[in-house]
Amino acid sequence: MWNVYIKVKLAGCTLFITGASRGIGKAIALKAAKDGANIVIAAKTAEPHPTLPGTIYTAAEEIEAAGGKALPCIVNVREEQQIINAVEKAVKTFGGIDILVNNASAISLTGTLETATKKVNLMMDVNVRGTYLTSKACLPHLRKSKNPHILNLSPPMNLNPMWFKNHCAYTISKYGMSMCVLGMAEEFRGEVAVNALWPKTAIHTAAMDMLGGAGIEKQCRKTDILADAAYCILTKPKTFTGNFVIDEVLLREEGVKDFDVYAIAPGHPLMPDFFLDVEIDATAMKQERYGIAQEEKKLSGSQQEGADGGKVQTESAAAKPSGPVAETFRVIQGAMTEEYVRSTQGVFQFELSGDGGGTWYIDLKTKGGSAGFGKPPVTADVVMSMSSTDFVKMFTGKLKPTLAFMSGKLRIKGNMALAIKLEKMLSQLNSKLSSGMYWDMEAKAVYGIGGKDTALETRVLWRRPNISSDGDNTYILLVAVKKSSALLSTLQKAWEQGGGHPSALPNALSSNGAASTWS
């Protein structure tokens with residue numbers, strides 16, 4: 001049975017919003033200002049920032065232009081006295097406080113050993129302590145309001161270890177904000193509503209630009225969606241309390257059907273936000289090699305008998321790796337330019353698990369640059385760990401590095417700023433890595449009946465990424481030919497006859513005299 005809530009508009013209500021000079025905090029402020037609300041802008045940016053937009057004064061101008069009244073207050077939530085002073089000023093100016101929005105937050109997506117103590121202190125001070133102290137300072141006044149609310153911008157507490165392992169300190173700090181909701185909702189039930197709001201997808205803010213780099217905005221929604229969701233919560237009665245609300249879920253319940261209006265790039269895939277488990281994309285096929293990789297491993301490390309009956313050691317996989325990972329690094333090596341080296345100035349080490357894995361590197365610091373198997377020639381600035389399959393997906397444009405990191409598929413140690421630079425390089429490499437076809441071939445002598453007749457069985461792994469819109473398509477082609485020289489000419493004819501589409505290759509190959517199996 002649906003509960004029916006009588007909406008209470010925000011005209012004349014006073015909202016105390018931390019971090020309201022830009023981003024989500026400002027969006028919530030502007031939404032309330034349209035109702036004629038009073039907004040206390042509690043943020044620390046009083047002077048223009050060299051890279052971040054807005055100040056408490058420019059935000060105040062926008063709020064008043066939208067129809068509200070603004071009180072800009074310089075507040076660093078790490079300083080308790082600044083919080084107390086701003087609360088007192090708000091009460092003196094507007095006669096009380098009706099709503100508190102704890103939006104101010106600090107972030108460092110680094111592992112335990114890579115997170116400096118000052119970063120740990122910053123996140124704990126701003127996210128947990130700042131939220132707690134601001135709530136404490138506002139509560140005496142909130143309890144006097146007719147419909148008081150506290151709204152924390154924090155996630156539901158998902159205890160899946162993947163949300164801890166890559167950025168433990170940050171997760172602890174955000175969950176600390178959520179624990180304030182859990183505790184205070186019960187402590188002040190019947191007096192003050194206390195809820196949490198969190199986005200289903202990434203939201204485009206200055207912080208997201210810094211984390212995700214150029215182009216990340218296409219995977220994000222506008223701050224408007226959180227502003228609309230916050231408005232829905234803050235206009236409900238105070239009996240609506242103790243909830244961990246996801247923006248899209250709430251808005252759908254409120255009757256919103258068109259979510260393209262919130263997208264930066266309508267129709268573009270959206271990146272899920274932290275702390276929300278998402279189903280694995282069922283349309284994304286794993287780049288399995290159907291047993292070929294296992295045979296290649298056995299073959300590459302085996303000894304074959306030479307013409308004189310002696311043992312001939314073939315090249316090992318370590319000496320000459322093959323497969324999609326090796327092919328990817330060959331393309332990267334071929335695409336190296338002095339401009340990449342000059343603009344990046346970083347060395348990246350990759351620890352890959354699975355087929356074709358091991359240690360690989362991209363050196364974009366040493367003159368000329370280099371990429372290949374093994375440890376880099378100089379100490380790595382960034383070490384990235386992931387599966388070989390996800391690595392290939394990332395370098396062919398099917399998996400965004402930011403999404404890989406946020407979903408726990410990619411672990412980063414070292415310089416995060418350089419990791420972001422690498423993503424920019426990827427966007428330029430994707431066209432080379434995902435267009436046309438590339439393959440690796442492994443020839444193997446197999447004996448026919450009685451060991452007298454010998455045929456050359458050549459296995460070709462063929463991939464065409466992004467061939468269609470339904471995800472990661474992998475095509476495997478096994479071709480058996482009598483002579484090795486026939487292989488390339490046969491493939492060339494088949495490719496031309498098939499018009500460049502994989503579905504036409506089997507028939508084209510058959511017509512050219514090649515026995516084929518299509519998987």
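For the structure, check the block above.
Structure report, in brief. From a predicted model like this one, the values you see are computed outputs, not experimental measurements. (Residues numbered from 1 in each chain as written. Predicted model: local features only at pLDDT ≥ 70, side-chain atom pairs only at ≥ 80, totals over all residues. Heavy atoms only, no water.)

**Focus on the sheet that holds strand β14 (residues 411-414)**
Phase 1 of the analysis: Read across the open sheet, the five strands follow the order β12-β11-β10-β13-β14; overall the sheet is mixed. For this open sheet the edge positions go to β12 (370-373) and β14, each flanked by a neighbour on one side alone. Along the sheet, successive strands turn relative to each other by an average axial angle of 15°, direction set aside.
Phase 2 of the analysis: With six bridges joining them, strand β10 (residues 346-353) and strand β13 (residues 382-387) adopt parallel strand pairing. Its bridge partner lying in β13, Ser-353 is registered against Ser-387.
Phase 3 of the analysis: Across the sheet, helix α11 (residues 324-335) is in contact with β10, β11 (358-364) and β12; its angle to β11 comes to roughly 10°. (Pairing = 2+ DSSP bridges. Helix = DSSP H or I, 4+ residues; strand = E, 2+ residues; numbered from the N terminus. Axes fitted to C-alpha atoms, helices over the stretch in contact; angles between N-to-C directions. Contact = heavy atoms within 4.5 Å.)

**A look at the pattern of salt bridges**
Side-chain pairs of opposite charge can arise where the charged atoms are in close proximity.
Phase 1 of the analysis: This model, assessed by the stated rule, comprises 12 salt bridges.
Phase 2 of the analysis: Put simply, Glu-248 and Lys-200 hold a salt bridge, and the shortest N to O gap is 3.5 Å. In this pair, Glu-248 is assigned in helix α9 (residues 247-253) and Lys-200 in the loop between β6 (193-198) and α7 (206-212), connecting sequence segments 48 residues apart.
Phase 3 of the analysis: Accessibility expressed as a relative area gives 7% for Glu-248, which makes it buried.
Phase 4 of the analysis: For Glu-327, the salt bridge identified is with Arg-330, shortest N-O distance 3.0 Å. (Salt bridge = Lys/Arg side-chain N within 4 Å of Asp/Glu carboxyl O. Buried < 20%, exposed > 50% of the residue type's maximum accessible area, 1.4 Å probe, protein only.)

**Observations regarding unusual backbone geometry**
Residues other than glycine predominantly adopt negative phi, and peptide bonds predominantly adopt the trans conformation.
Phase 1 of the analysis: Phi is positive for Phe-275, which is not a glycine, with a value near 75°.
Phase 2 of the analysis: On the secondary structure map, Phe-275 appears in the loop between α9 and α10 (292-300).
Phase 3 of the analysis: Positive phi, close to 50°, is recorded for Gln-345, a residue that is not glycine.
Phase 4 of the analysis: The residue Gln-345 is located in the loop between α12 (338-344) and β10 in this model.
Phase 5 of the analysis: Taking the relative accessible area as the measure of exposure, Gln-345 reaches 38% and is therefore partly exposed.

**Thoughts on the sheet that holds strand β1 (residues 14-18)**
In a beta sheet, neighbouring strands are held together by backbone hydrogen bonds and run either parallel or antiparallel to one another.
Phase 1 of the analysis: Ordered in space as β3-β2-β1-β4-β5-β6-β7, the seven strands form an open sheet in which the pairing is parallel. Bordering the open sheet on either side are β3 (69-74) and β7 (244-246), each of which pairs with just one other strand. The sheet shows a mean angle of 20° between the axes of neighbouring strands, direction not considered.
Phase 2 of the analysis: The sheet contact formed by strand β4 (residues 99-102) and strand β5 (residues 149-153) spans four bridges and is parallel.

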